[in-house]
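Observations on the model geometry
Given next are the chains, with one letter for each unit.
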Amino acid sequence: MSTKYKATTTENAYFITLTVVGWIDVFTRVNQKNGIVKALQYCQKNKGLEIYAYCIMSSHLHLLCKAINGFILSDVIRDFKKFTSKKIIQTIIEEPESRREWMLDYFKKACEHLKRNQQYKVWQDGYHAEIVETNRFIIQKINYIHNNPVKDKIVVCPEDYYHSSARNYANLDNDLEVILLDLF
């Protein structure tokens, strides 16, 4: 497997994007977004994940993050994707979801070509990790992350989107704590 866009170093922060197969809008439901938040909180507490910025969009997740305390970010992301895949499928099955059959069928077909035995595939392979090397890059990516919901016309101001660290940077309540970076 290529390491071009993988978090292979242990001392660097990365901008990463995790995308649902077929860009399926899984995270239009609050229960699905809350599941992602809880999984990120677990990774922060138990897997050395430091998050500097994030945004949960309907079909993907952006993170500016780093693994610390001997953890390797690629391992953290692998475990996060494995756990959340199961949780997303469980939520689709157990909670109200008007697209249940269609989504389960899509996720089932997405793994038919895989050599390993797998019932559903929720996340696309990889996570397009870009290493953070300059302050300019940090500012650019945080602005990109926070303005994603604005660009999609979900909100007018970045801090109005609840599932984004734009709220943290604006000193507003948020369920997911992040490490605030001085952007000046």
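A brief report on the enclosed structure follows. The shown structure was predicted, so the numbers you read here are calculated from the model rather than taken from an experiment.

Parameters and conventions
- Residues numbered from 1 in each chain as written.
- Predicted model: local features only at pLDDT ≥ 70, side-chain atom pairs only at ≥ 80, totals over all residues.
- Heavy atoms only, no water.
- Salt bridge = Lys/Arg side-chain N within 4 Å of Asp/Glu carboxyl O.
- Helix = DSSP H or I, 4+ residues; strand = E, 2+ residues; numbered from the N terminus.
- Buried < 20%, exposed > 50% of the residue type's maximum accessible area, 1.4 Å probe, protein only.
- Pairing = 2+ DSSP bridges.
- Polar contact = N/O pair within 3.5 Å; in protein donor to acceptor, adjacent residues only side chain to side chain.
- Contact = heavy atoms within 4.5 Å.
- Phe/Tyr/Trp six-rings, centres within 6.5 Å; stacked < 30°, edge-to-face > 60°.
- Lys NZ or Arg CZ within 6 Å of the ring centre and 35° of its normal.
- Axes fitted to C-alpha atoms, helices over the stretch in contact; angles between N-to-C directions.
- Core = buried A, V, L, I, M, F, W, Y, C linked by side-chain atoms within 4.5 Å.
- Parallel < 35°, antiparallel > 145°, perpendicular 65-115°, else oblique.
- Left-handed = near helix turned anticlockwise from the far one by under 90°.
- Nonpolar A, V, L, I, M, F, W, Y, C, P; charged D, E, K, R; others polar.

Considering the pattern of salt bridges
For the structure shown, the criterion picks out nine salt bridges. For Lys 109, the salt bridge identified is with Asp 105, shortest N-O distance 3.2 Å. With Lys 109 and Asp 105 both in helix 3 (residues 100-109) and four residues apart, the pair spans about one turn of that helix. Between Lys 151 and Asp 152 there is a salt bridge, with the nearest N and O atoms lying 3.9 Å from each other.

Brief notes about the pairing of strand 2 (residues 49-56)
Burial of strand 2 is extensive: eight of the eight residues sit out of reach of the surface. When strand 2 meets strand 3 (residues 60-67), the two strands line up antiparallel, connected through seven bridges. Within strand 3, the position partnered with Ala 53 by the bridge is Leu 64. Between strand 2 and strand 3, which follow one another and run antiparallel, lie three residues.

Quick notes on the side chain of Asn 174
Along the chain, Asn 174 turns up in the segment after helix 5 (166-169). Within the structure, Asn 174 has its side chain in polar contact with the side chain of Asn 168 (distance 2.7 Å). Those residues in contact with Asn 174 that sit more than four places away from it in its chain are Tyr 54, Tyr 162, Ser 164, Ser 165, Arg 167 and Asn 168.

Focus on the packing of aromatic side chains
Inspection of the entire model under this criterion finds five aromatic pairs. Their ring planes at 85° and their centres at 6.5 Å tell us that Tyr 106 and Phe 107 sit as a pair that is edge-to-face. Residue classification places Tyr 106 among the partly exposed positions, given a relative accessible area of 33%. Through successive ring pairs, a cluster of aromatic residues spans Phe 27, Phe 80 and Trp 123. Geometry around Tyr 144 places Lys 141 over its ring, the cationic atom sitting 5.9 Å from the centre.

Details of the sheet that holds strand 1 (residues 14-19)
On the basis of which strands lie adjacent, the open sheet formed by four strands has the order 2-3-1-4 and antiparallel pairing. A strand with exactly one partner marks an edge of an open sheet, and here the two such strands are strand 2 and strand 4 (130-131). Relative to strand 3, strand 1 is paired through six bridges, and the arrangement is antiparallel. Bridge assignment links Thr 17 to a residue of strand 3, and that residue is His 62. Across the sheet, helix 4 (residues 135-151) touches strand 1, strand 2, strand 3 and strand 4, and the angle it forms with strand 3 is around 150°.

Side note on the environment of His 113
Assignment of secondary structure puts His 113 in the loop between helix 3 and strand 4. The class of His 113 is exposed, set by a relative accessible area of 59%. In the structure, His 113 is positioned 17 residues away from Pro 96 in sequence and 29 Å away in space, judged by C-alpha atoms.

Looking at the nonpolar core
With 39 residues, the main nonpolar core has Ile 16, Leu 18, Ile 36, Leu 63, Phe 80, Phe 107 and Trp 123 as its most contacted residues. Every element with two or more residues in this core is listed here: strand 1, helix 1 (30-46), strand 2, strand 3, helix 2 (73-94) and helix 3. In terms of residue count, the dominant contributor to this core is helix 2 (seven residues). In this view, Leu 63 contacts Tyr 14, Phe 15, Ile 16, Leu 18, Leu 40, Ile 51, Ala 53, Tyr 54 and Ile 145; residues no more than four positions away in its chain are not counted.

Observations regarding the side chain of His 146
Residue position: His 146 is located in helix 4. Using a relative accessible area of 8% as the deciding quantity, one classes His 146 as buried.

Section: the packing of helix 2 against helix 3
With their axes 9 Å apart at the nearest point, helix 2 and helix 3 run at an angle of 150° to one another. For the element pair helix 2 / helix 3, the angle class is roughly antiparallel. Like other packed secondary-structure pairs, helix 2 and helix 3 cross with a definite hand, here left-handed. Packed against helix 2, whose contacting residues are Ile 89, Ile 92 and Ile 93, the element helix 3 presents Arg 100, Met 103, Leu 104 and Phe 107 at the interface. Grouping the amino acids of the contact of helix 2 with helix 3 by side-chain chemistry returns six nonpolar, no polar and one charged.

Such coordinate-based values are descriptive only and should not be taken to indicate function.
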